[in-house]
Structures are given as C-alpha cells and as structure tokens.
Amino acid sequence: MRTYSGESLKAKSSIGILTDNTDSIPRGNHILYKDNLSLSDFGFRGYVTKDNKLPLLSKSGLKLPDELDLSHHIGDIVKISEDGQIHVLWENSCSQNAFYLTDACNVNCIMCPQPQKPHDKIHIDTARSVLDLLVGQKVEHMCITGGEPTIIKDNFLEIIARCTTEHPDASLQILTNGQTLNEFEFAKRCAELSTPKTCYCVSMHGDTPLTHDLIVRRDNAFSKVHSSLYNLSKLNVGIEVRFVVSKLNYTRLPGLAEFFFRTYPFVHHFAIMGLEMTGCAAKNVDEVWIDPMDYREELDRFVLEAERRAINFSIYNHQLCVIPERARKHAKRSISDWKCKHIPVCDKCMIQGECGGFFTTSNNLISKGIQPVCL
Amino acid sequence: MSSESKIQIMPFLFRREEKEIFVTTVHGDFYWIPRAEFNKLLDSSFGLSDNITQDLISRQILAIDVEQSIDAAATKLRSRKAFLRSFTSLHMLVTTLRCNQRCEYCQVSCADNDAVQFDMSIEIAEKIVNTIFQSPSPSIKIEFQGGEPTLNWEIIPFVIEYAENLNLKFKKNVEFVVCTNLTAMTKEKFEYLHSHNVFVSTSLDGPKDIHDLCRKQRIGHTSYDLFVQNLELGRSIMGLDKIDALMTTSKQSLSRFKEIIDEYVRLGFHGIFLRSLNPYGFAAEQAEALGYSSEDFFEFYKKCLEYIISLNASGTVFTEYYTALLFKRIMTSQSTGFVDLQSPSGAGISGAIYDYNGDVYPADEGRMLARMGDERFKMGNVAKDSFKQIFTGQIIGEIVENSCLETIPGCSDCVYSPYCGADPIRNYLEYGTIIGRNPGSNFCKKNMLIFDYLFNKIKENDNLFLDTLWSWIVPNTEGVAHENV
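Residues numbered from 1 in each chain as written. Chains lettered and ligands numbered in written order. Predicted model: local features only at pLDDT ≥ 70, side-chain atom pairs only at ≥ 80, totals over all residues. Heavy atoms only, no water.

Peer 1: I'm lost on the overall build of chain B in this one. Help?
Peer 2: Across its full length, chain B holds 19 helices and 16 strands. Against the 2.2 N^0.38 benchmark of 23 Å for 485 residues, chain B shows a C-alpha radius of gyration of 24 Å, consistent with a compact globule. The principal-axis extent of the C-alpha atoms belonging to chain B is close to 80 × 50 × 45 Å. Evaluated residue by residue, chain B yields a buried proportion of 59% over its 485 residues. Restricting the contact set of chain B to residue pairs at least 6 apart, pairs at least 24 apart contribute 70%. (Helix = DSSP H or I, 4+ residues; strand = E, 2+ residues; numbered from the N terminus. Rg over C-alpha atoms; globule rule 2.2 N^0.38 Å. Buried < 20%, exposed > 50% of the residue type's maximum accessible area, 1.4 Å probe, protein only. Contact = heavy atoms within 4.5 Å.)

This is how it looks when you write it as structure tokens:
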C-alpha cells in the first residue's frame, strides 16, 4: 500500500478519513490535513500537518516534510502510525483496495512475494476500523487478502459478513490458497455469507500434485485445492483460479486450458499471473525465475486452447511486448498503481497506455524481450 | 522424482497405433502415449518423462492421490451421464400413419393418404399427454411424427393446448416439434405453430433431382417444388431459426456431396445432419437400389465435412450436427444425451414413441417391428396401462441392462466406447439380439471410421478443422480463425 513518511508528533496511531475541511463531522472519524493548525481545530482523530504542535488533547498526529503534498488523498482512509508514517488504507480513486487480514499462511509458496509472519490481531482491528468508516459510503470493489485470510476463521467470517451486508452491491474478491475450504462445513459458512458478486480467487499452480505441492511446499495441498473448488461449486459461489507461472510449472501451460475445462468447468475466471520477484521469490530466484520470453510458445498454446473453449481468462503481471500477440487482448493492467512503473525504453512504445508495466518491487528483474511495440 | 513410487495406474482403455498407444478413460479423457513410454508405464518402475507423467495424472490415467483422482474422474463421469438423471424427456406422437408421400427409404412403412383408420383420436391423444406428464423429467419435448403428422392436424393443436394447460400445474420446461415434409403445410398452420413457439423439423435430401429421387409424392411426381415453396412460407412466418432439416443419404447422394451442402446453404439452413439409411421398412426392400457400405458412407461423410469446413473458413457459418455431437463428447465433460447414440441406450429412458392407437414403444424401430408383426418391444398402451406399468416394465429394464457399452462384449474394451452408444433395437432387427454383434456391424463400422477420422485430426492438431468444430460446440467463440486459411 502507498506509504508516506513524516515525523511523529504524538505517539498514538489513528485511522480516519483524510480531510482538509474543518467542518467535516464527526471530527472523531476524520484526520485533518492542514498546514497550520489553530486552537479551534481540536477534536479530530488525528492530524497531518506542517505545524510543530497539535491542538490541545490531541493524541495522534504527524508532521509532513515541506515538499510532500497529500491533497490527492483527501477523502481516502489513512492510518497514522506510531512511528510517523501515513499508510493509505483505502483509496477512493483506486479499484484495488484490500483488507490485509493476516501475514500468516498455511502454505509456503516458493515464489511468494510476501513472506509470512505470525498473525497479528492488529490487521483485524484495522479492517474493522476501515469498515466502520466505509459505512454508508459508495464502494464498488473490495478485496480480502493476506497471508491466508481463511486461517483466522471467525475473524475472517466476521469481515466477509460485514463486507457483504454493509456493501451488498460491491464486488468482493477473496484471495485464498484453498487449504481450508476443503472442509465442507466451513465452506458452507463462507458461502452463506457470500453474494452473487463474491468471488473466491483460489490459487492452483499446477494440474497435478507433482507441480502444485512442489511449489506451495506442502504435501496434499493440491488435493485440498481440488476439494475446495468442488465445495465452492456445490455451494454455488463465484470462483476464480489463479496460476502463477514460474520455472517450475510453465511446461504445464499447453495442456492447462483442457485440464481446467474438463475438470473445473464451473470456474468463472482464470488468471495466468506473472511473478513478483520479491520476498521468497527473490530469495529463490534460481528455482523460480523464468523470462516470459522463454514461455511464449507455451503461453500461446494456452491462449489458443482457452479461446477455443471460450474460457473466461486474463493474463496478469505481464508486459505486452513479451507475450504472444494472441495473448495481448487478455492482458490486464493488474499491478497496483503504487508499485507499478515503466522503464525508459517504454517511452517509445505505442501501446504503453494499455500495458500493465512492471513491479517496482521486482528487483529490476526484467525480461530480455522488453522493447517498444510499433503497431 | 521422489513421488514416483506412489504413482498408481487407474483404469483405462487402449489401442495400439503406429507410434503411440492411444488411451481413453470411461470419464472421457484421452491421450497418446509414445510406445516406449507406455512400456515404461507397464514396467512398474515408471521413469516416464515428467511431462507425460503429469499429463496422465491430470487426466486421471495415473494417480498420486487416488482418492482425489477418483473424485475428479467420478465427477466427470457423473456429468457425462447426467442425461440419466431426469428420465424420459423426448415423447414422440404418431398422429397418423397416413402420408402424402411415399419415400423410397421410408423406415416406418406409411399408409395411404385416405387410410383414416390409422389416425390418432382425441381420446388417445389426451391419455398420451396425461402419461407424458407423469415423467419425472423437468424437461419435456413433444414431437409430432407420422406418417405425415400434419394430415391429422386437429391432434396437434389439441395436444399443444392440452399440454400447455396441464403444464400450468406441472411447470416443466415444455417444447414442441413437428416433424413434417412441409408439403401439407399452410399459412394458417405455420401461424398457429409460430404462436405456440413450436419448432419444425423437416427433410431435405439435396437439389431437386436428388430430393425427388427418393422423396416422392403419392400424387404427382415432384415434392421438391412444394417443399421449397412452403419452406419459404414457413420462414416468412416463423423466422429463420425455427425450421431445421434432416438429410438422408442414398446411393445416389454419395457423389453429389458438394451440391447437397450447397443446396442447404442456398436455402438458408445453418447446418445439416448427415444421416445414413436405416435398414428398415421400405429401405430394407430397396437395399439393392439405395444402399451402400459403411465405407462408402464414411467417404461421403468425410467429403461433406471437409467441404463444410472450407465453407466455414470462407465465412459461411454452417454446422454438421452429428460431428458437433461427437466432438462435444470427445472434448468436454458435458452430458450429451442423444437417444440414438447413448450408453445405456436412450430407447425408453430418454425417448419413447406413442403410436396412433396409444401403443408405447421405446423407439420408432420398435414400432416398426410391431408393424411387421413382432410386438416384442411394445411397452404397453396408454388406454389401459399406467405410466409406471409402461415405463418400469420388463422391456425397458432389459434394454438398459443390455445397452451399457461398459458391459457389452466387443464394446466394453473399445477405446471409443466412452464416446459411443448403443442401438439395441437395430441390433435386434439385424442380429436377433439386443446386445448386437460388435465389432463388425455396419453401425459399429460407420462410427469407428468417423471416430478414427476425428481423433486423427485431433492428434495431428489440424488447426482449421479444430477451430471450426470448436466454434460449433462453443457458441460464444469468435468462430474460425481465418488466419489459418
């Protein structure tokens, strides 16, 4: 998420809607963004200022460096942390807002960009606070992710229940590795809290246990994903399957569409995803990294077979110039704005506007095939 | 690979081909294993290449987690056999045996134009509809057949309206089809069918000379001109998509494949069903004049299909329905009930036919046999038997029991059996036993040749061929990729 650094003025964290209007009510839900504070500005949940002093009785606030301007975040939900940082938790202009419910996970994917940590309840409190502030607001899209959000079962159910009851018209994506929904009773409780706009995005990185279990580094993981998919289908819940292409599974791409189509024809959307080379992925670069140029043929065959079957699919995290032409129309701009970039050579490209770009987080590991596209 | 020792072999069917062993499974997956690799598979030490091992596991031919593999395979099989879940949905009514044509190959041996003693009565029609609605199937298709069903017209609106009325209570998904040669149709009749959303299934054998060769009017010579005139009339009232046609191949059609397809395209049909002659009725008597071998039919079929694919490649969207059916069976896990090619046979459990007098048969061929004096397949009569007596009797049980390819000698180990079906009454007619004599029957020969051909195209990855067939079974694809032309 987007983060800015300042200087802490009061050591208590706060979450609120960023505002530059002192008339915003209730003040207790808002964080005032104002360069010079006056006495009458008391009562806001927090302050982001260029002043050195906060109004009387204030508990949370930070001083921004002079050059930093946050006016484009007015209306967004932000968190002031104890150490003087601002985290943008909910950006109104962004369609990829997510609740990070935990850093803990029950698998250990070799290409995970986000190494797991023990669960910290603060993530649940943060999600609750954001949901409190979103009550009554128009929300089009929400995402629940982690770590593996389903392992904190009751809290997870509480958060999806709030998402679907407080924002019944919003689409909700739940990212999961499918290691818990194989328990039918749990899947059923999840399904009961779902709406027709809820979609479980389940990771499956191979068409057999040989590949999938090797990648997620857990025995029987594939079989659990399989049962989870069947459970979700029986429960009539929206399903997406996500396949991250790496050196360990790219050879499976040619037959993947046939496998999905015959075995899981009820899946609503498939995502073929490129690597984000940070975290474990960076650590295991020799085992996982493959240049997308080196699986063009395999990807091309996947796209051909998927198109024949009218499979609904997208390609995420791939630059348009390195994928086969047939695949381009399925590529989505999937990298979150805050960690997305283009590189100088892209300036000459005629389709840069449609291209999803690169991860700033990927340690500058880029394909040898990057080149400007001339139409 | 460390997991190799845990890999187990699941049940499969196989056949030797030149360079590979072709493998299929009861749940519909297939794979060509190179011969050397297949030997490694049999040699229990495995050591197959990693990609082949995974290809086989993902198709449930091999398994690491047997429970998961069985779960996947069973789900596919259940899905493929879903046509069994709902019981009889196709109900065919013979409104009369009379016909205004006397087609050379007619399999039902129709009666003269004025033989009104062979007309269905309103009382019988009412009892038939009552019986039909006892079927547990949520979908009901009522098909009017004959003779020429429109000659006893009053039965058609009676059945449609009575069924619509009953359906207010049963709330099934009800469809009506009139199978007619069109020659007795009028503006008023088309308007009536249109107002009740009825489909029309007709017959067209090709250009005028081919059509008239077999499809003869009792009075006068040509039926073609009247057919075309009424087809246009029907289209102007019912629209383009409500009238489809069936094509029957005679010896004279074999060399004329291109003209036949062109005729269908010219007349605005979106597809054709290439049908070989059935060895019953007049066709049996005329075998010498009209008949041909399975090999001849296959050559004709292949030429038709190749021509149709070239038409699609140049932008004419046109389907061969039998190929589309088989391709769907081969490439998907979906249920493809088709009464004439199902395992177990659809005779009785998927479709049934009600004769003009209320007698019920599992298929038209059973009714034919009765006309020839053998009432072996008569399941009952709607005037005196209940739905239960008719549909759970000994005949239907015997047919089901003896038409599961999975258990039939000569079929159970056929590599194509997951995609094929049984025709028990035809077997009885030809061999005196409903199990039949396979391989070797004409039915088997024809389908084997077609399967060989289709699977060869799949193996060769003939892109134009495959793109075209996919566009037939997956209607929301963009059709044929013209870059392949």
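Peer 1: Sorry, what's going on with the overall build of chain A here?
Peer 2: For chain A, the helix and strand inventory stands at 10 helices and 17 strands. For chain A, the C-alpha radius of gyration of 22 Å lies close to 21 Å, the compact-globule estimate for 375 residues. The principal-axis extent of the C-alpha atoms belonging to chain A is close to 70 × 55 × 35 Å. Within chain A, buried positions represent 56% of all 375 residues. Taking the contacts inside chain A whose residues are at least 6 apart along the sequence as the reference set, 66% of them involve residues at least 24 apart. For chain A, the distance from the average site of its 42 positive side-chain charges to the average site of its 45 negative ones is 2 Å. (Lys, Arg positive; Asp, Glu negative; His and termini not counted. Charge placed at Lys NZ, Arg CZ, Asp CG, Glu CD.)

Peer 1: It is not clear to me how the state of the cysteines should be interpreted in this structure. Could you clarify?
Peer 2: Linking two cysteines covalently through their sulfur atoms gives a disulfide. All chains considered together, the criterion is met by zero disulfides over all chains. Of the cysteine sulfurs around Cys214 of chain B, a residue in no disulfide, the closest is that of Cys103 of chain B, at 7.8 Å. (Disulfide = S-S within 2.5 Å.)

Peer 1: Whenever I open this one, the sheet that holds strand β8 (residues 173-179) of chain B confuses me. Can you help?
Peer 2: Remark on secondary structure: sheet strands pair via backbone hydrogen bonds, oriented parallel or antiparallel. All names here are of chain B. Taken together, nine strands build an open sheet; the order of strands is β12-β10-β9-β8-β7-β6-β14-β15-β16 and the sheet is mixed. Two strands bound the open sheet, and with one partner strand each, they are β12 (274-275) and β16 (380-381). In the sheet, strand β14 (residues 351-354) pairs with strand β15 (residues 359-361) via two bridges, with the strands oriented antiparallel. From the neighbouring strand, Ile353 faces β15, where its bridge partner is Tyr361. (Pairing = 2+ DSSP bridges.)

Peer 1: Looking at this structure, how should I read the pairing of strand β14 (residues 269-273) of chain A?
Peer 2: Residues in a regular strand project their side chains so that they alternate between the two faces of the sheet. Residues and elements named next belong to chain A. Most of β14 is tucked away: five of the five residues are buried. Residues His269, Ala271 and Met273 point to one face of β14 and Phe270 and Ile272 to the other, with burial holding for every one of them. Bridge count between strand β13 (residues 238-244) and β14: five bridges; the pairing is parallel. Across the sheet, the residue bridging to Val241 is Phe270, located in β14.

Peer 1: Would you explain a negative patch on the surface in this entry?
Peer 2: Residue and element names in this part refer to chain A. A cluster of acidic side chains, namely Asp35, Asp66, Glu67 and Asp69, defines a negative patch on the protein surface. Topologically, Asp69 is positioned in the loop between β6 (60-63) and β7 (77-80). A relative accessible area of 43% means that Asp69 is categorised as partly exposed. (Patch = residues over 30% accessible without salt bridge, like charges linked within 9 Å, V, L, I, M, F, W, Y side chains within 5 Å. Areas by Shrake-Rupley, 256 points an atom, 1.4 Å probe, with all protein chains shown as cover. Salt bridge = Lys/Arg side-chain N within 4 Å of Asp/Glu carboxyl O.)

Peer 1: So what exactly am I meant to see when it comes to the interface of chain A and chain B here?
Peer 2: Interface size is commonly expressed as the accessible surface area that is lost when the partners come together. Contacts between chain A and chain B engage 25 residues on the former and 36 residues on the latter. With both sides pooled, the region where chain A packs onto chain B buries about 2,400 Å², and carbon together with sulfur makes up 49% of that total. When the buried area of chain A at its contact with chain B is split by residue, Leu210, Arg262 and Arg308 of chain A rank highest and sum to 35% of it. At the boundary of chain A and chain B, one finds four salt bridges. Linking chain A to chain B there are 14 residue pairs in polar contact (both at pLDDT 80 or more). Those elements giving two or more residues to the side of chain A that touches chain B turn out to be α4 (209-216), α5 (221-234), α6 (253-263) and α9 (296-308) of chain A. Taken together, the residues of the side of chain A that touches chain B sort by class into nine nonpolar, six polar and 10 charged. (Buried area = accessible area lost by both parts, 1.4 Å probe. Polar contact = N/O pair within 3.5 Å; in protein donor to acceptor, adjacent residues only side chain to side chain. Nonpolar A, V, L, I, M, F, W, Y, C, P; charged D, E, K, R; others polar.)

Peer 1: Can you walk me through the side chain of Lys242 of chain B in this structure?
Peer 2: Residue position: Lys242 of chain B is located in the loop between α8 (224-238) and β10 (243-248). Ignoring anything within four residues of it in the chain, the contact list for Lys242 of chain B reads Asn197, Val198, Phe199 and Val200 of chain B.

Peer 1: Explanation requested: the domain arrangement of chain B in the structure shown.
Peer 2: What the domain assignment lists for chain B is domain 1 (4-80) and domain 2 (82-298 + 336-381). Summarising the inter-unit geometry, the C-alpha centres of domain 1 of chain B and domain 2 of chain B are found 43 Å apart. (Domains from an automatic or database assignment.)

Peer 1: For this particular structure, what's the right way to read the environment of Ser335 of chain B?
Peer 2: Residue and element names in this part refer to chain B. You can see Ser335 is positioned in the loop between α13 (321-331) and β14. For the pair Ser335 and Leu77, spaced 258 residues apart in sequence, the C-alpha to C-alpha distance is 9.0 Å. Excluding residues that lie within four positions of it along the chain, Ser335 makes contacts with Ser79, Arg80, Ala82 and Phe83. A distance of 3.2 Å separates a polar atom in the side chain of Ser335 from the backbone nitrogen of Phe83.

Peer 1: Quick question: what am I supposed to make of α13 of chain B here?
Peer 2: Turn by turn, an α-helix covers 3.6 residues, leaving residues three or four places apart pointing in a common direction. Across the 11 residues of α13 of chain B, nine count as buried, placing the element largely inside the fold. At the N-terminal end of α13 of chain B, a side-chain oxygen is found 3.2 Å from the backbone nitrogen of Tyr322 of chain B, two or three residues along, and the residue is Glu320 of chain B.

Peer 1: Which parts of the structure should I look at to understand unusual backbone geometry?
Peer 2: The bulk of non-glycine residues show a negative phi, and the bulk of peptide bonds are trans. Residue and element names in this part refer to chain B. Cis geometry is adopted by the peptide bond preceding Gly147, which originates at Gly146 and carries an omega value of 20°. By the secondary structure assignment, Gly147 is in the loop between β7 (139-145) and α5 (155-170). In this model, Asn438 is joined to Pro439 through a cis peptide bond whose omega is -5°. Relative to the elements of secondary structure, Pro439 occurs in the loop between α17 (424-431) and α18 (442-460).

Peer 1: How should I be thinking about helix α2 (residues 153-166) of chain A in this particular structure?
Peer 2: Between its first and last C-alpha, α2 of chain A extends 20 Å over 14 residues, near the 20 Å set by a 1.5 Å rise per residue. By the burial criterion, the buried members of α2 of chain A are Asn155, Phe156, Leu157, Ile159, Ile160, Ala161, Arg162, Cys163 and Thr164 of chain A. (Expected span 1.5 Å × (residues − 1).)

Peer 1: Would you take a moment to explain the pattern of salt bridges for this structure?
Peer 2: When charged atoms on two side chains of opposite charge get close, those side chains can pair. The tally for this structure, following the rule as stated, stands at 46 salt bridges over all chains. Asp41 of chain A is the partner of Lys34 of chain A in a salt bridge, and the nearest nitrogen-oxygen pair spans 2.7 Å. For Arg128 of chain A, the salt bridge identified is with Asp125 of chain A, shortest N-O distance 3.1 Å. Taken together, the residues Arg128 of chain A and Asp125 of chain A, both in helix α1 (residues 122-134) and three residues apart, mark about one turn of the helix. In this structure Asp125 of chain A comes out as partly exposed when scored by relative accessible area, which is 38%. In this structure, a network of salt bridges that share partners links the residues Glu258 and Arg262 of chain A together with Asp29, Arg59 and Lys76 of chain B.

Peer 1: What is the right way to read a positive patch on the surface from this model?
Peer 2: On the surface, a cluster of positive charge is made up of Arg217, Arg218, Lys224 and Lys283 of chain A. Relative to the assigned elements, Arg218 of chain A resides in the loop between α4 and α5.

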